[in-house]
Amino acid sequence: MPKIKSTTPRLTAQRKLELYRATRAPDAPLGELLRQAGVHLDDLREIEQTIEGAGLAALKVKGRHGRLPTDVSPERMLQLEQELQEKTTALAELSVAYTLLEKKERVILPTSPPANGSRRRRGR
């Protein structure tokens, strides 16, 4: 079945934002704006929720990181570097232990079927 081409332009993020802004005015001709954009009222409500939710999320993130420390003492820097080194070493040790455990399990359980599901069939 052939696709029917829409006469309305694709609703990009930019166009959605423009539609949102146009509908914010108290005397905005909502029906006309929706017809021009080729969307339904439910689509507009979804666009509104997305934009307002994203705006709130952006404001929350910006508020959390508003003031970063400007000076870090050399002692604190050394402490942080030491913690980072300890965590890096621990992660490397865990990675090695996990790899060894996987190999050990493969040796102990050689009768399990291959991972890709292929089996040889026996001739009858």
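Caption draft 1: Up close: the overall build of the protein chain. Within the protein chain, the secondary structure is distributed over 4 helices and 0 strands. Scanning the protein chain from its N terminus toward the C terminus, one meets helices and strands in the order α-α-α-α. Residues classed as buried in the protein chain amount to 9% of the 124 residues present. A fraction of 53% describes how many contacts in the protein chain between residues 6 or more apart in sequence connect residues 24 or more apart. Carbon and sulfur atoms provide 57% of the accessible area of the protein chain, an area that totals close to 12,000 Å².

Caption draft 2: Broad picture of the side chain of Glu48. Summarising the element assignment, Glu48 is placed in helix α3 (residues 41-64). Side chain to side chain, Glu48 and Arg24 meet in a polar contact 2.4 Å long. Excluding its chain neighbours within four sequence positions, the residues that come into contact with Glu48 are Tyr20, Thr23 and Arg24.

Caption draft 3: Fine view of the pattern of salt bridges. The tally for this structure, following the rule as stated, stands at 2 salt bridges. A salt bridge links Glu48 to Arg24; the nearest nitrogen and oxygen atoms lie 2.4 Å apart. Of this pair, Glu48 sits in helix α3 while Arg24 sits in the loop between α1 (13-22) and α2 (30-37); the two residues are 24 residues apart in sequence, bridging distant segments of the chain. Note on Glu48: relative accessible area 10%, which makes it buried. In this structure, the salt-bridge partner of Glu48 is Arg45, at a minimum N-O distance of 3.0 Å.

Caption draft 4: Looking closely at the nonpolar core. If you look at the biggest cluster of nonpolar residues, it comprises 9 residues: Leu19, Tyr20, Ala28, Leu33, Leu34, Ala37, Val39, Leu44 and Ile47. Where this core is concerned, the elements lending two or more residues are α1, α2 and α3. Top element by residues in this core is α2. It accounts for 3 residues. If sequence neighbours within four positions are ignored, Tyr20 has contacts with Ile47, Glu48, Ile51 and Glu52.

Caption draft 5: Local environment of the side chain of Thr23. If you trace the backbone, Thr23 turns up in the loop between α1 and α2. Thr23 sits in the buried class, given a relative accessible area of 9%. Setting aside residues up to four positions removed in sequence, Thr23 forms contacts with Ala28, Leu30, Leu33, Leu44 and Glu48.

Caption draft 6: Looking closely at a nonpolar patch on the surface. A grouping of Val72, Met77 and Leu80 is seen on the molecular surface, where their side chains present a nonpolar patch of about 240 Å² in accessible area. Of note, Leu80 is situated in helix α4 (residues 74-108).

Calculation rules
Residues numbered from 1 in each chain as written. Predicted model: local features only at pLDDT ≥ 70, side-chain atom pairs only at ≥ 80, totals over all residues. Heavy atoms only, no water. Helix = DSSP H or I, 4+ residues; strand = E, 2+ residues; numbered from the N terminus. Buried < 20%, exposed > 50% of the residue type's maximum accessible area, 1.4 Å probe, protein only. Contact = heavy atoms within 4.5 Å. Areas by Shrake-Rupley, 256 points an atom, 1.4 Å probe, with all protein chains shown as cover. Polar contact = N/O pair within 3.5 Å; in protein donor to acceptor, adjacent residues only side chain to side chain. Salt bridge = Lys/Arg side-chain N within 4 Å of Asp/Glu carboxyl O. Core = buried A, V, L, I, M, F, W, Y, C linked by side-chain atoms within 4.5 Å. Patch = residues over 30% accessible without salt bridge, like charges linked within 9 Å, V, L, I, M, F, W, Y side chains within 5 Å.

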